[in-house]
Amino acid sequence: MPRISQQSGSALRSALITIAIIAVALAFAATLLPRGFSDDVSRIGQGRGAIVLVHNKEAVLSLEMMTLMNRVRGDYEDRVEFLAVDEATDTGRRFAAAQGVNDSVLVLFAPDGARLAVLDSVRSEADMRAVMERYFSQR
């Protein structure tokens, strides 16, 4: 009858502990990632303002605008829907065509769904906060 040495049991235990530590580290890292944006444009006009990024994943400006939206989202998400439509999808193409816009722009909507503005010049967090205050400040 072969005997299993204590050393092989120790190696298995070490491997399981290592796997558990890696799993916990990955789970923690996942909580640090920004939340994604919905592409559900049916939320526009449902009683809250909305800001929609027509996103092009290959455009640096579009990625920067998404980062800026993430930075201000926590301060405004109680009254503004933050949406992003990918211009490479049917939803994104239909939205852009209906609004008459290209990619890498922000389209802002009032709570009743009326279009407020189309912006392509938001380049800093200060710019984004100024836009949010101008169009979505609490009144």
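We now turn to the structure provided with this report. On a predicted model such as this, the values are computed, not experimentally measured, just so you know. (Residues numbered from 1 in each chain as written. Predicted model: local features only at pLDDT ≥ 70, side-chain atom pairs only at ≥ 80, totals over all residues. Heavy atoms only, no water.)

**Digging into the nonpolar core**
Here is step 1: Core analysis: the biggest nonpolar cluster contains 21 residues, and Ile 51, Phe 82, Leu 106, Met 128 and Met 132 have the highest contact counts within it.
Here is step 2: When residues of this core are traced back to their parent elements, those giving at least two are β1 (49-55), α2 (60-76), β2 (80-86), β3 (105-109), β4 (115-119) and α4 (125-136).
Here is step 3: Those residues within four positions of Ile 51 in sequence are excluded, and the remaining contacts are Met 69, Val 80, Glu 81, Phe 82, Leu 83, Leu 106, Val 107, Leu 108, Met 128 and Met 132.
Here is step 4: Grouped together as the second largest cluster of nonpolar side chains are 12 residues, Phe 95, Ala 96, Val 101 and Val 105 included. (Core = buried A, V, L, I, M, F, W, Y, C linked by side-chain atoms within 4.5 Å. Buried < 20%, exposed > 50% of the residue type's maximum accessible area, 1.4 Å probe, protein only. Helix = DSSP H or I, 4+ residues; strand = E, 2+ residues; numbered from the N terminus. Contact = heavy atoms within 4.5 Å.)

**Details of the pattern of salt bridges**
Here is step 1: Here the structure, examined in full by the defined rule, presents seven salt bridges.
Here is step 2: Measuring nitrogen to oxygen at the nearest pair gives 3.3 Å for the salt bridge that ties Arg 43 to Glu 81. Linking Arg 43 in the loop between α1 (6-32) and β1 with Glu 81 in strand β2, this pair joins segments that are 38 residues apart in sequence.
Here is step 3: Overall, Arg 43 belongs to the partly exposed group, its relative accessible area being 34%.
Here is step 4: On the basis of relative accessible area, Glu 81 is assigned to the buried category, the value being 15%. (Salt bridge = Lys/Arg side-chain N within 4 Å of Asp/Glu carboxyl O.)

**What about unusual backbone geometry?**
Here is step 1: The phi angle at Ser 104 is positive, at roughly 65°, despite the residue not being glycine.
Here is step 2: Mapped onto the secondary structure, Ser 104 falls in the loop between α3 (90-99) and β3.
Here is step 3: Classification of Ser 104 by relative accessible area gives buried; the value is 6%.

**Quick look at the packing of aromatic side chains**
Here is step 1: One pass over the structure, following the stated rule, counts one aromatic pair.
Here is step 2: Judged by centre distance (6.2 Å) and plane angle (65°), the rings of Phe 95 and Phe 109 are edge-to-face. Placement of the pair is Phe 95 in helix α3 and Phe 109 in strand β3, with a sequence separation of 14 residues.
Here is step 3: Taking the relative accessible area as the measure of exposure, Phe 95 reaches 8% and is therefore buried.
Here is step 4: A cation sits over an aromatic face here: Arg 73 above Phe 37, 4.1 Å from the ring centre. (Phe/Tyr/Trp six-rings, centres within 6.5 Å; stacked < 30°, edge-to-face > 60°. Lys NZ or Arg CZ within 6 Å of the ring centre and 35° of its normal.)

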